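Read off the chains here:
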Amino acid sequence: MQTTIVGYPRIGKMRELKFAIEKYWRGEVTEAELQKTAKELREEKLKKQKQEGITWSPVNDFSYYDGMLDLSVMLNAVPKRYRELNLSPLDTYFAMARGYQGEKGDVKAFAMKKWFNTNYHYMVPELEEGMELKLQAEKLFLEYEEAKQLGICPRPVTIGAFTFLKLASVTAETLRTEYLAPVKKSFQELLQECNKKGVEWIQIEEPALVMDLEEADKKLFCDIYQDVLKEKGNVKVLLQTYFGDVRDIYQELSELPFDGLGLDFVEGKYTEKLIQEHGFPKEKYLYAGLVNGKNIWKCDYQKKLAQIEHLKKVTDKLVLTTSCSLLHVPYTTKSEKKLSEDVLKYFAYAQEKLTEIHELSVLSKKDYVNEPEYQRNVEVIQSERGMKDSEVCRQVEALSEKDFIRNVARTERQELQREKLGLPALPTTTIGSFPQTKEVKSNRSRYRKGEISKEQYDAQVFAFIRDCVRQQEELGLDVLVHGEYERNDMVEFFGENFGGYVFTEYAWVQSYGTRCVKPPVIFGDVKRLAPITVKYSEYAASLTKKPMKGMLTGPVTILNWSFPREDISHREMAFQIALAIRQEVVDLEAAGISVIQIDEAALREKLPLRKGEWHSDYLDWALEAFRLCHSGVKPETQIHTHMCYSEFEDIIHEIDEMDADVITFEASRSKLEILDALKEAEFETEVGPGVYDIHSPRVPSVEEIVEAIRKMLEKIPQEKLWVNPDCGLKTRGIPETEASLRNMVAATQILRKELK
Ligand code: GLN
Ligand code: ZN
């Protein structure tokens, strides 16, 4: 059986590409030097794939920033504002990626969005009037030739026309239709060019097909490919999909003259069923995405080999591949020096997945049960993984309806809380973190390096807290915070204090451009080992008479920003984490903290791609997990939550169902629509739509904030409105933070006078 992968990480084993690009941006290396590094990295990955026995290697999966941005460039969809800068092609590309500010002009970057259900971000293509789309595929063919020279069988890859047109932002909706013909033509030219160059296979990726498709979408897709495929000549075209199944368009895909269909057998719930019910077209190759491209666990050979055997009965043209690009997993477990073999033996990053694919293809040819590769795998998969906790499992099992419900209804609670907290109208607060200054960071790094003791570290944290509380009192804020100086990251900090979590050294995954994240791994059953934040919050509260807000991260966000287990459901993991957070909530309350915020920054982003699954697959348990955290507190204890974006018009009732007392969120960019939606939904939760944008160092004026609050008051009843910045202040400097908060309080005071 032939083998391949959908794509490979670009960033390099030690994030070499990231560092090289950032050096180039700082002017420390030339373009030629950067290109040399990039070329070496491409060579290295291709050689690795060959060495591991992969038959076909994707090329053009490399990118200096993002594959969708590469496609914009390949189609010459470069907006005028960038062309007018007259920069070199590479600098124009980076200007689109990050914006440009310099002697040649001042332009903003492309917008950036989450790539389907991953934590990767793509650069949203732009279509504007007057663009001259034409094919510019130098990059694709350069990478093709490079691979050829290395004696590799290369398969150029690109994102397809349908996904491009669906995801592009347009200055006018008509442009999507106007540019259909030129986009099609470019793809036709691409196939013609491939023919000339003797390309055997090309991979066109259309992940947008795994979303809910309407008739018009299907028509558009068929229209595009009927025409594009006319030009394929001798080139074989693989239509690659991922992140789900193609239930709405399987029939059409089978009928169109594609030479291969790449289907996802991991996240595609209906993939097997589709094949079973409708068969698989004889003339086509089935690229079976059996190895999970998104998670770090070894795959189960027994299961996969059974699936392969089954598929072999369906088609004799089977190619084994990954469920999606390996872009979403780290490079290699070989770099991990600190994890014990008892943990590492369960992991397979990108490089190890190559081995898995090769081994599976070899094993599938023979009677494999006695083969050493097979037995080694079975042994690992069946071995008892550590960090199991039957008590935690029992507690999750024992949960019932009442555990998700607060006893007293929200409206009644809100009154009790008002009385207890004695807050003025339009109470002011912040989202939690204060600037992470050099001193804060160096305290943490010195502790990590063992240069100072835990006591010395904490003493410093306490000193930061003291200054922070003083500062907030001086500013006249109403509900204070301790500043979050004890944490660098809102998920890692809790993970480190939970049992069941494992931390890697090199499991970096590209988030966008040169930015990488290193998600922690949920390895076993999660439980709280000891109180985590209580001493910091308690100390902070002792410094003031004003209410002090306890600060926690919610279970859904912790789960979404970790590598999850595959042996239990997301629901179970979320409930385990929720039970741990719940203990912390209860302890905070017992320590006298009467306002507790549970951040769910990432709740919105993991909504299933298909609307019909929003509730059954996600929201039902996600909302329960959140409620489980706070259902154990007294009615007078006020529960806050925070979300980073306000793009939740379509789940507004569900946000209310979290049953928090107050929610704060980012609204400074999309203010009006969300306010209307809140009003229309008769939103019950009190709200603090951020009155200024913390993502920029700019200090908002008093007048500006007054204006913003006035607008909010038009839509939100005064007794439900809070005043706060739109997210945590940790990335800001002290001077602008102080100035902005001072103006925020001044603005609030002006409005309070008017209200009286
Ligand atoms: N409480 C966190 C902070 O203030 C929230 C961060 C976030 O929403 N991303 O930093
Ligand atoms: Zn936020």
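Note: the structure precedes this text.
Everything numeric in this text was worked out from a predicted model, so none of it was measured. (Residues numbered from 1 in each chain as written. Chains lettered and ligands numbered in written order. Predicted model: local features only at pLDDT ≥ 70, side-chain atom pairs only at ≥ 80, totals over all residues. Heavy atoms only, no water.)

Undergrad: Please explain the overall build of the chain as it appears in this structure.
TA: What the chain contains, in helices and strands, is 29 helices and 23 strands. Relative to the compact-globule value of 27 Å for 756 residues, the chain shows a C-alpha radius of gyration of 27 Å, a close match. With respect to the three principal axes, the spread of C-alpha positions in the chain is 75 × 65 × 55 Å. By the burial criterion, 60% of the 756 residues in the chain qualify as buried. In the chain, 79% of the contacts between residues at least 6 apart in sequence involve partners at least 24 apart. Per element, the accessible surface of the chain, about 30,900 Å² overall, is 49% carbon and sulfur. (Helix = DSSP H or I, 4+ residues; strand = E, 2+ residues; numbered from the N terminus. Rg over C-alpha atoms; globule rule 2.2 N^0.38 Å. Buried < 20%, exposed > 50% of the residue type's maximum accessible area, 1.4 Å probe, protein only. Contact = heavy atoms within 4.5 Å. Areas by Shrake-Rupley, 256 points an atom, 1.4 Å probe, with all protein chains shown as cover.)

Undergrad: Just checking my understanding: could you explain unusual backbone geometry for this structure?
TA: Peptide bonds are trans in most cases, and residues, glycine excluded, mostly fall at negative phi. Phi is positive for Asn-76, which is not a glycine, with a value near 60°. Note that Asn-76 resides in the loop between helix H3 (67-74) and helix H4 (80-83). Classification of Asn-76 by relative accessible area gives buried; the value is 13%. You will see that Glu-484, though not glycine, has its phi angle at about 60°, which is positive. With respect to the secondary-structure elements, Glu-484 resides in the loop between helix H20 (454-475) and helix H21 (492-496). According to the relative accessible area criterion, Glu-484 is buried, its value standing at 8%.

Undergrad: Is there a simple way to explain the nonpolar core in this structure?
TA: It is characteristic of soluble globular proteins that their nonpolar side chains tend to be buried jointly. Membership of the largest hydrophobic core comes to 102 residues, with the highest contact counts inside it found for Phe-498, Ile-577, Ile-581, Ile-655, Leu-678 and Ile-709. With residues up to four places along the chain from it excluded, the contact list for Phe-498 reads Val-526, Lys-527, Arg-528, Leu-529, Ile-532, Ile-558, Ile-577, Ala-580 and Ile-581. With 95 residues, the next largest nonpolar core counts Tyr-8, Leu-46, Ala-168 and Leu-320 among its residues. (Core = buried A, V, L, I, M, F, W, Y, C linked by side-chain atoms within 4.5 Å.)

Undergrad: Can you help me understand the coordination of the zinc ion (ligand 2) in this one?
TA: Coordination angles at a metal have ideal targets, namely 109.5 degrees for four tetrahedral donors and 90 or 180 degrees for six octahedral donors. The protein atoms that coordinate the zinc ion (ligand 2) are His-642 (NE2), Cys-644 (SG) and Cys-727 (SG), at distances of 2.1 to 2.3 Å. Considering all four donor atoms around the zinc ion (ligand 2), angles at the metal cover 82 to 123° and the coordination shape is irregular. Here the donor residues of the zinc ion (ligand 2) share one chain and are spaced in sequence as H-x1-C-x82-C. Of this pair, Cys-644 sits in the loop between strand S21 (638-643) and helix H26 (652-657) while Cys-727 sits in the loop between helix H28 (702-715) and helix H29 (734-755), and the two are 83 residues apart along the sequence. The same class applies to Cys-644 as to Cys-727, namely buried. (Donors = N, O, S within 2.8 Å, 3.2 Å for Na, K, Ca; no water. Tetrahedral: all angles 85-135°; square planar, octahedral: opposite > 155°, others 65-115°.)

Undergrad: Honestly, the sheet that holds strand S14 (residues 318-322) in this entry has me stumped. Any pointers?
TA: What holds strands together in a sheet is hydrogen bonding between their backbones, with the strands either parallel or antiparallel. Taken in spatial order, the eight strands make up an open sheet running S1-S14-S13-S12-S11-S10-S8-S2, and their pairing is parallel. Of all strands in the sheet, those bounded by a partner on one side alone are strand S1 (2-3) and strand S2 (57-59). Here five bridges tie strand S13 (residues 285-291) to S14, and the two strands are oriented parallel to one another. When the bridges of S14 are listed, Val-291 appears paired with Thr-322. In the packing of helix H9 (residues 180-197) onto the sheet, the strands contacted are strand S8 (154-159), strand S10 (201-205) and strand S11 (236-240), and the crossing angle to S10 comes to about 160°. (Pairing = 2+ DSSP bridges. Axes fitted to C-alpha atoms, helices over the stretch in contact; angles between N-to-C directions.)

Undergrad: When you look at the site of ligand 1 in this model, what are you seeing that I'm missing?
TA: Taken together, the neighbourhood of ligand 1 is formed by Ile-431, Gly-432, Ser-433, Glu-484, Met-490, Asp-599, Ala-601, His-642, Cys-644, Cys-727, Gly-728 and Lys-730. In the environment of ligand 1, a nitrogen atom lies 3.1 Å from a nitrogen or oxygen atom belonging to the backbone of Ile-431. Coverage of ligand 1 by the protein chains reaches 93% of its 290 Å² of free accessible surface. Of the residues that constitute the shell around ligand 1, the class distribution is five nonpolar, four polar and three charged. (Near = heavy atom within 4 Å. Polar contact = N/O pair within 3.5 Å; in protein donor to acceptor, adjacent residues only side chain to side chain. Nonpolar A, V, L, I, M, F, W, Y, C, P; charged D, E, K, R; others polar.)

Undergrad: Is there a simple way to explain the packing of helix H13 (residues 301-314) against helix H15 (residues 350-363) in this structure?
TA: The geometry of a pair of packed helices is captured by two quantities: the angle between their axes and the separation between those axes. The N-to-C vectors of H13 and H15 enclose an angle of 55°; their axes lie 10 Å apart at closest approach. The orientation of H13 with respect to H15, classified from their angle, is oblique. The two elements H13 and H15 meet at a crossing, and its hand is right-handed. Contacts from Tyr-301, Lys-304, Leu-305 and Ile-308 in H13 reach Thr-355, Glu-356, Glu-359, Leu-360 and Leu-363 in H15. Here the contact of H13 with H15 is composed, by residue class, of five nonpolar, one polar and three charged. (Parallel < 35°, antiparallel > 145°, perpendicular 65-115°, else oblique. Left-handed = near helix turned anticlockwise from the far one by under 90°.)

Undergrad: Any chance you could explain the sheet that holds strand S22 (residues 662-665) here in plain terms?
TA: Here five strands make up an open sheet; going across it, the order is S19-S20-S21-S22-S23 and the pairing parallel. Of all the strands in the sheet, just strand S19 (549-553) and strand S23 (686-689) have a single pairing partner and so form its edges. Neighbouring strand axes in the sheet, compared pairwise and without regard to direction, differ in orientation by 20° on average. Alignment of S22 against S23, held across four bridges, turns out to be parallel. If you follow Val-662 over to S23, its bridge partner there is Glu-686.

Undergrad: Before we go on, may I ask you to explain the side chain of Thr-737 in this structure?
TA: Structurally, Thr-737 can be placed in helix H29. Each residue touching Thr-737, except ones within four places of it in the same chain, is listed here: Phe-434, Pro-435, Leu-729 and Arg-732.

Undergrad: How should the packing of helix H17 (residues 390-397) against helix H24 (residues 570-590) be read in this particular structure?
TA: Put simply, H17 and H24 touch, their axes get as near as 10 Å, and they point 105° apart. In terms of orientation, H17 and H24 fall into the roughly perpendicular class. Every residue of H24 that contacts H17 at Val-392, Cys-393, Gln-395 and Val-396 is listed here: Glu-572, Phe-575, Gln-576 and Leu-579. Here the contact of H17 with H24 is composed, by residue class, of five nonpolar, two polar and one charged.

Undergrad: Would you explain the packing of aromatic side chains in this entry?
TA: How two aromatic rings sit relative to each other is set out by the distance from centre to centre and by the angle between their planes. Inspection of the entire model under this criterion finds 35 aromatic pairs. Aromatic side chains Trp-201 and Tyr-285 sit 5.4 Å apart centroid to centroid with 85° between the ring planes, which places their arrangement in the edge-to-face category. With Trp-201 in strand S10 and Tyr-285 in strand S13, this residue pair connects regions lying 84 residues apart in the sequence. Relative accessible area serves as the criterion here: at 2%, Trp-201 is assigned to the buried category. Their ring planes at 40° and their centres at 6.2 Å tell us that Phe-221 and Phe-258 sit as a pair that is tilted. Of this pair, Phe-221 sits in helix H10 (residues 215-228) while Phe-258 sits in the loop between helix H11 (250-255) and strand S12 (260-264), placing them 37 residues apart in sequence. Aromatic rings pair up to connect Tyr-24, Trp-25, Phe-62, Tyr-64, Tyr-65, Tyr-93 and Phe-94 into one cluster. The lysine or arginine in question, Lys-197, covers the ring of Phe-141, its NZ or CZ lying 4.3 Å from the ring centre. The ring of Phe-523 carries Arg-385 above its face, with NZ or CZ at 5.1 Å from the centroid. (Phe/Tyr/Trp six-rings, centres within 6.5 Å; stacked < 30°, edge-to-face > 60°. Lys NZ or Arg CZ within 6 Å of the ring centre and 35° of its normal.)

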